[in-house]
Amino acid sequence: MDTESLKTSVISEIDSRGHELSELSLKIHSNPELGFQEVKAAAWLTQYLEENGFSIERGICELPTAFRGSYGTGKPAIAILAEYDALPDLGHACGHNIIATCAVGAGVASKPAIDQLGGSIVVIGTPAEELYGGKATMIDRGAFDNVDIAMMVHPGAYDTATIQVLACQHIEVEFFGKAAHAAGRPEAGINALEAMIQSFIAIDSLRQHIKDKARIHGIITDGGEAPNVVPAHSAGSFIVRAEEDTYLDELKERVLNCFIGAAKASGARLEYRWGDVRYAPMRNNLTLAQLFMQNMQSLGRQMQLFEPNHNFGSTDMGNVSQVVPSIHPFVAIAPVEVANHSPQFASAAVSEAGIHGLLDAAKALAMTVVDLTANPEIVNQIVQEYQQKND
Ligand SMILES: [Zn+2]
Ligand SMILES: [Zn+2]
């Protein structure tokens, strides 16, 4: 079968599985599980792959809800990544039910291409994208060592083949002061809450003089116990983000100085801890992105290579893109005014448009697998582009 016939069969395969894939997506959506607790989703996804001829390894990288489903053993080894964690309170407001389902659908629809043209397909289940950067841990534990190319599709409000993703790191901050009666003996107290408030003010001032796309944002998680007691303890959780790794390093130091200064001013003692996982910026592989974009366009999507209006926070797919040529396109399932991480987006993730986006994304991923297995020359170009950026 030639490339075009294989792509036609991919499309009809996904269409014939449309009902079962949308059922699977709905099931994950109505059973939201937080990062590293995605027991049901991981079980359903691996079961689907297993029933369709994939060999399954569960709990890889010592993460109980991570998995690998493999079909074929040849080169190139093409990974399609699934995310399936939800958000606290909001459920699947980032639409990871769609990411997961289109990954397994694309994997299964890629089988004829692997049978006829060689190569192998691995669907990698990557837990805890939202809160813990599960992929970073999986990279450290070797999950991507034998992978040549990695792809995933995220639902959003735009059709875009590449994304801008910021490097980022969390910081947890605590101030320790001294309790006292807030009216009777205020002079005996050290106010840990004031130290936290001063930190916010210092960060606000800093924010005027940082690069355009950098971001600093945080919340107070402990602000004291009672209004008539000088708060002896305060705590906050912050995220620092920047376009480049080097600028993130610089900004982290300046943010830390805001906390140190506030501690000095208030007399409270500062304790802080940077998050274990650092999210890397995304290196979009343009050769791979173009293939995916053309396949999406052939399905009638007005997909762009870049979408200047589309900003995204951070993702652990950025880390993957630093070690393997990668893409993380977006498929539109909601109007532009609907943001990810909102209740409206959670509804979009199970809407007609959501199912349509899921099926298009699965088709385009499997069609891209056809391109990659049929054209070793394109795989070389993708790898060359990746290596050039490494120099
Ligand atoms: Zn997401
Ligand atoms: Zn998200």
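Residues numbered from 1 in each chain as written. Chains lettered and ligands numbered in written order. Predicted model: local features only at pLDDT ≥ 70, side-chain atom pairs only at ≥ 80, totals over all residues. Heavy atoms only, no water.

Some words on the coordination of the zinc ion (ligand 1)
Tetrahedral coordination by four donors places them ideally at 109.5 degrees to one another around the metal; octahedral coordination by six donors ideally gives 90 or 180 degrees.
And then number 1: Around the zinc ion (ligand 1), the protein supplies Cys94 (SG), His96 (NE2) and His154 (NE2) as donor atoms, at distances of 2.0 to 2.4 Å.
And then number 2: The metal-metal distance between the zinc ion (ligand 1) and the zinc ion (ligand 2) is 3.0 Å, with Cys94 coordinating both.
And then number 3: Taking relative accessible area as the criterion, Cys94 reaches 3% and is therefore assigned buried.
And then number 4: Under the relative-accessibility criterion, His96 is labelled buried at 0%. (Donors = N, O, S within 2.8 Å, 3.2 Å for Na, K, Ca; no water. Buried < 20%, exposed > 50% of the residue type's maximum accessible area, 1.4 Å probe, protein only.)

What about unusual backbone geometry?
And then number 1: The linkage connecting Lys75 with the following residue, Pro76, adopts the cis geometry, with an omega of 0°.
And then number 2: Note on placement: Pro76 falls in the loop between strand 2 (67-71) and strand 3 (77-82).
And then number 3: You will see that Asp89, though not glycine, has its phi angle at about 65°, which is positive.
And then number 4: As for its position among the elements, Asp89 is in the loop between strand 3 and helix 4 (96-109).
And then number 5: Among the residues examined, Asp89 registers a relative accessible area of 86% and is labelled exposed.
And then number 6: One non-glycine residue with positive phi stands out, namely His341, at about 70°.
And then number 7: Its location among the elements puts His341 in the loop between strand 12 (330-332) and helix 12 (343-348). (Helix = DSSP H or I, 4+ residues; strand = E, 2+ residues; numbered from the N terminus.)

Focus: the side chain of Asp159
And then number 1: Within the secondary structure, Asp159 is located in the loop between strand 6 (154-156) and strand 7 (167-176).
And then number 2: The class for Asp159 is buried, based on a relative accessible area of 15%.
And then number 3: Among the polar contacts made by the side chain of Asp159, one reaches the side chain of Arg301 at a distance of 3.2 Å. (Polar contact = N/O pair within 3.5 Å; in protein donor to acceptor, adjacent residues only side chain to side chain.)

Section: the coordination of the zinc ion (ligand 2)
And then number 1: Listed as protein donors to the zinc ion (ligand 2) are Cys94 (SG), Glu130 (OE), Glu130 (OE) and His341 (NE2); their distances from the metal cover 2.1 to 2.7 Å.
And then number 2: Here the zinc ion (ligand 2) binds 4 donor atoms, and the angle range of 52 to 148° at the metal identifies the geometry as irregular.
And then number 3: Summarised as a motif, the one-chain spacing of the donors to the zinc ion (ligand 2) is C-x35-E-x210-H.
And then number 4: The exposure class of His341 is partly exposed, given its relative accessible area of 37%. (Tetrahedral: all angles 85-135°; square planar, octahedral: opposite > 155°, others 65-115°.)

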